[in-house]
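Inside the fold
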Amino acid sequence: MTSVKKYIRERFFPHIWCPGCGHGIVLNCMLRAVDQMGLEKNDIVVVSGIGCSSRISGYVDFHSLHTLHGRALAFATGVKLSKPELKVIVPMGDGDALAIGGNHFIHAARRNIDMTAIVMNNRIYGMTGGQYSPLTGYGKAATTAPYGNIDHDFDIVELAKAAGASFVARTTTYHVQQMIDMIKKAVAHEGFAVVEILSQCPTYFGRKNKIGDAVEMMEWFKDNTTPIGSEAKRKNPSLIERGIFVQDKKLEYCSEYDKIIEKAMKGRG
Ligand SMILES: Cc1ncc(C[n+]2csc(CCOP(=O)(O)OP(=O)(O)O)c2C)c(N)n1
Ligand code: SF4
């Protein structure tokens, strides 16, 4: 395994994450993906909002922008339109991406703007103390749902597909090789790429729902997920599918915008 230390801003360590938090695994896999792709540090900009997951932008030695909760994709759109040559990666929490940022998520997918949204789905608002999110799920416990949550959850993959994302994938923090491979494919993809990663928050989701420690939560990911279209899924429909659901060629927003500029310039004579 190659060292990813060279991509880290060590001056910001120790990191803020609780022992066993899944977000560190995602950071590690993201850096391995960048390393394996042979990208230069200056080729990449990481844009994030606010949340435990969003702290990733502070820890990486790329161009980075730590913005407002839920607004990472809006800032990232501005960055991409002004510097289309950069690879834009947007690490987000499920709250950041799909509660306050839900509208930005839908429209970035619809536009098919070239960037990679990494959604760390720990089914909770970790940073602010374990409030339920749109991904918590019916009947689950959270700080703000001590008697059980009555909100139904989104399926991030289905939402991204319906909104028009041209690359959509899902994996977990247990499946690290698959995660590295997916992030590489997502970053290389020309268009809006969504990688949902089931990540563990042992401090809130795990503790409130009595799932156990970080290792037990990752074992849950192993036992309750299966490759897309597997025989196991046919036999047990409650299993969550992992893999690449969508990988389409589709007109990309920045390229289309360039064409409009060209037309407008011609019109001026
Ligand atoms: C406009 C605004 N509203 C609310 C907050 C408070 N806040 C900060 S992070 C967060 C939720 C974090 O949850 P998530 O995005 O799922 O990430 P996690 O911490 O679980 O990784 C909230 C509600 C804020 N910073 N700004
Ligand atoms: S509160 Fe949860 S999401 Fe935040 S660092 Fe701790 S384990 Fe991770």
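Everything that follows concerns the structure shown earlier in this document.
Rules used throughout
Residues numbered from 1 in each chain as written. Chains lettered and ligands numbered in written order. Predicted model: local features only at pLDDT ≥ 70, side-chain atom pairs only at ≥ 80, totals over all residues. Heavy atoms only, no water. Helix = DSSP H or I, 4+ residues; strand = E, 2+ residues; numbered from the N terminus. Rg over C-alpha atoms; globule rule 2.2 N^0.38 Å. Buried < 20%, exposed > 50% of the residue type's maximum accessible area, 1.4 Å probe, protein only. Contact = heavy atoms within 4.5 Å. Areas by Shrake-Rupley, 256 points an atom, 1.4 Å probe, with all protein chains shown as cover. Lys, Arg positive; Asp, Glu negative; His and termini not counted. Charge placed at Lys NZ, Arg CZ, Asp CG, Glu CD. Near = heavy atom within 4 Å. Polar contact = N/O pair within 3.5 Å; in protein donor to acceptor, adjacent residues only side chain to side chain. Nonpolar A, V, L, I, M, F, W, Y, C, P; charged D, E, K, R; others polar.

The subject of this paragraph is the overall build of the chain. A count of helices and strands for the chain gives 11 helices and 8 strands. Its C-alpha atoms give the chain a radius of gyration of 18 Å, within 12% of the compact-globule value 18 Å for 269 residues. With the C-alpha coordinates aligned to their principal axes, the bounding extent of the chain is approximately 70 × 45 × 35 Å. Buried positions account for 50% of the 269 residues belonging to the chain. Of the contacts made within the chain by residues no fewer than 6 positions apart, 68% connect residues no fewer than 24 positions apart. Taken as a whole, the chain presents about 12700 Å² of accessible surface, with 54% of it coming from carbon and sulfur. Each charge sign in the chain was given a centre, from 33 positive and 27 negative side chains, and these centres are 2 Å apart.

Attention shifts here to the site of ligand 2. Taken together, Trp-17, Cys-18, Cys-21, His-23, Cys-52, Asn-122, Gly-126, Cys-201, Pro-202, Thr-203 and Tyr-204 make up the full set of residues near ligand 2. It is helix α8 (residues 202-208) that provides the largest number of residues to the shell around ligand 2, a total of 3 residues.

Neighbouring residues of ligand 1: 17 residues in total, closest Cys-52, Ser-53, Gly-95, Asp-96 and Gly-126. The side chain of His-23 places a nitrogen or oxygen atom 2.9 Å from an oxygen atom of ligand 1. Compared with its free state, where it exposes 590 Å², ligand 1 has 74% of that area covered by protein. No other element matches helix α4 (residues 94-98), which puts 3 residues into the shell around ligand 1. A per-class count over the shell around ligand 1 returns 6 nonpolar, 9 polar and 2 charged.

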